[in-house]
Amino acid sequence: MLIRCDHALAWPLLQNHARAVMPDFDLRGAFASDPARFARFSQEAPHCFADLSKNLWDAQAEDLLLQLARDCEVERQRDAMFAGEAVNSTEGRAALHTLLRHPPGNAPPGLAWALAQVHETLDAMLAYAERVRADADITDVVCMGIGGSGLGPQMAVQALQGLGDARRRMHFVSNVDGHALQAVLVGLQPRSTLFIVASKVFNTQETLTNARSALDWFHANGGSEVSRHFVALTTHAAAAAQMGITTTFGFWDWVGGRYSLWSSIGLPVAVAVGAAAFRAMLAGAHAMDMHFRTSPLQANLPVRLSLLDVWYRNLLGFGSRCIAPYHAGLRRLPAYLQQLEMESNGKRVDRQGRPLALGSAPVLWGEPGTDGQHAFFQMLHQGSDIVPLEIIAVKQASHTLPGHQEQLLANALAQAQALMQGRASEDGHRHFPGNRPSSFLLLDALTPAALGALVALQEHRVFVAGALWGINSFDQWGVELGKLLARDLQLRLGNGDMAGLDASTAGLLQRLRA
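Under an unreviewed UniProt entry, the name given to the protein chain is Glucose-6-phosphate isomerase, and the source organism is Delftia tsuruhatensis. Recorded in UniProt for the protein chain, the comment headed Sequence similarities (unreviewed entry) runs: "Belongs to the GPI family."

Okay, the packing of helix α1 (residues 10-20) against helix α14 (residues 301-315) next. Axis separation between α1 and α14 bottoms out at 11 Å; the angle between their running directions is 70 degrees. By the angle between their directions, the pair α1 and α14 is classed as roughly perpendicular. Classified by chirality, the crossing of α14 by α1 is right-handed. Counting all contacts with α1, which are made through Trp11, Leu14, Gln15, His17 and Ala18, the residues of α14 involved are Val310, Trp311, Asn314 and Leu315. Residues of the contact of α1 with α14, tallied by class, amount to 6 nonpolar, 3 polar and no charged.

Sites flagged by UniProt as "active site" (unreviewed entry) map to Glu343, His374 and Lys483. What stands out for the annotated residues spanning 141 residues is how far apart their C-alpha atoms range, the widest pair being 36.5 Å apart. Within the fold, Glu343 resides in helix α15 (residues 333-345). With residues up to four places along the chain from it excluded, the contact list for Glu343 reads Arg258, Gln338, Asp475, Gln476 and Val479.

Take the pattern of salt bridges next. In the structure shown here, the tally under the stated rule is 30 salt bridges. Of the charged contacts, one joins Arg101 and Asp289 as a salt bridge, the two residues approaching to 2.8 Å between their closest N and O atoms. In this pair, Arg101 sits in the loop between α5 (74-82) and α6 (112-134) while Asp289 sits in helix α13 (residues 275-294), placing the two residues 188 residues apart along the sequence. Because the salt bridges share partners, they merge into one network encompassing Asp309, Arg321, Glu341, Glu390 and Arg461.

Grouped together as the largest cluster of nonpolar side chains are 123 residues, with contacts concentrated most on Leu68, Trp254, Leu267, Phe278, Trp311, Leu451 and Leu468. No other element matches the 13 residues that helix α18 (residues 448-469) contributes to this core. Setting aside its immediate chain neighbours within four residues, Leu267 contacts Met125, Tyr128, Ala129, Ile196, Val231 and Leu233. Membership of the second largest hydrophobic core comes to 23 residues, among which are Leu188, Leu208, Phe230 and Met243.

About the criteria used
Residues numbered from 1 in each chain as written. Predicted model: local features only at pLDDT ≥ 70, side-chain atom pairs only at ≥ 80, totals over all residues. Heavy atoms only, no water. UniProt positions renumbered as here; feature names shortened; annotations may be inferred. Axes fitted to C-alpha atoms, helices over the stretch in contact; angles between N-to-C directions. Helix = DSSP H or I, 4+ residues; strand = E, 2+ residues; numbered from the N terminus. Parallel < 35°, antiparallel > 145°, perpendicular 65-115°, else oblique. Left-handed = near helix turned anticlockwise from the far one by under 90°. Contact = heavy atoms within 4.5 Å. Nonpolar A, V, L, I, M, F, W, Y, C, P; charged D, E, K, R; others polar. Salt bridge = Lys/Arg side-chain N within 4 Å of Asp/Glu carboxyl O. Core = buried A, V, L, I, M, F, W, Y, C linked by side-chain atoms within 4.5 Å. Buried < 20%, exposed > 50% of the residue type's maximum accessible area, 1.4 Å probe, protein only.

Here it is in structure tokens:
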């Protein structure tokens, strides 16, 4: 049976190293004493360069962490995922999102049938996207989905907006709050609007509520031909047909919602940037898949990032990580990564249902630089808590405005430098302690291939951390209870039934009905 990290032989060695060495560890001294530190703790991966040298670890810590990965058989667990084994143990499913970006032919053993279905659906979806792009009458596309069906496409469309068609506007509605949908519908015309409804089994209440309201608006404003102006991304075509939506693109139960960007859920991305760019995004992700699958642990970027995450979360006690993308196109990346990591690894029991004796996913949060510098960076530099910062920068800009990119990149470099170096002052208010950790991920340009590689990198990083903690990273039972109670309380808001409610919920419900 696989062992989890706190039962591994390397674990007490890591604990001892963290207690004995790290309290006195200083990044400034580490760089001064080791001219090769940058070279050791940085590496190339597909479409991405990573500098991990400004983190609070040394060669011995990383060596012990690599031994931890071997103790926990990370490579075996990785290979099981790629082979289509039921790594989603609580639901008895494979997690084959990597197959969605696998090129045609040369399928993994036993998965030729699945790869054929993937490319049949992909070809049909991209052909449809090209027809939409060629339709000059469609000026607005409203994408309705939530969670993995919304965050991924919205993040990718924003990231690649420079490749979009200026004649066509992309809108995203996820929240069931009617203010969000109404704000989008204002000014739209049914004859020039396409609605994309994304729901895996077509029972997501927020999405279906928005879809029904959009249909009502469509008919009330003279719309006709629902089949032309509505398309569904779902495995339940019959349910979509009941709403009059006859154009559908499906996917499979081995595609988790937060890993579904690469499937038909990516239709908004394909409509925005075109089939060729979408295929390039898949190719970039596949390149990172191959890096993860074939690189030795010590040169495997997703593995190294995951080991650093476990080191910080469990050995040094850092409970959160800040994400600062220094590119406006990546402004939704922190929210996307929140779902990817916190929904995947925010678990309190392991695969066998045993309570974890250590923390799992950290809290992820952040905003784009340089906005964050004028908001929460004060805490990063001088706060009482140490929060590892992850900077994501892009070397080449896609705009032509002079001076902006140099200023942006200088700020990204300066924040990492300032966090590490600090500044001494006898005035405590002006004293920067320094020795604060950061990672720096650098893309040459924010191309579709680079975006695909970046997202795949984060997916594999999350998987490895889950493998170390011994948890199932592919279920999300924690989202179910609130949805179940909400259905009951929605009925009670209508009928006023307070029976069986706790005093707080009953009191609030009564005030809402008054």
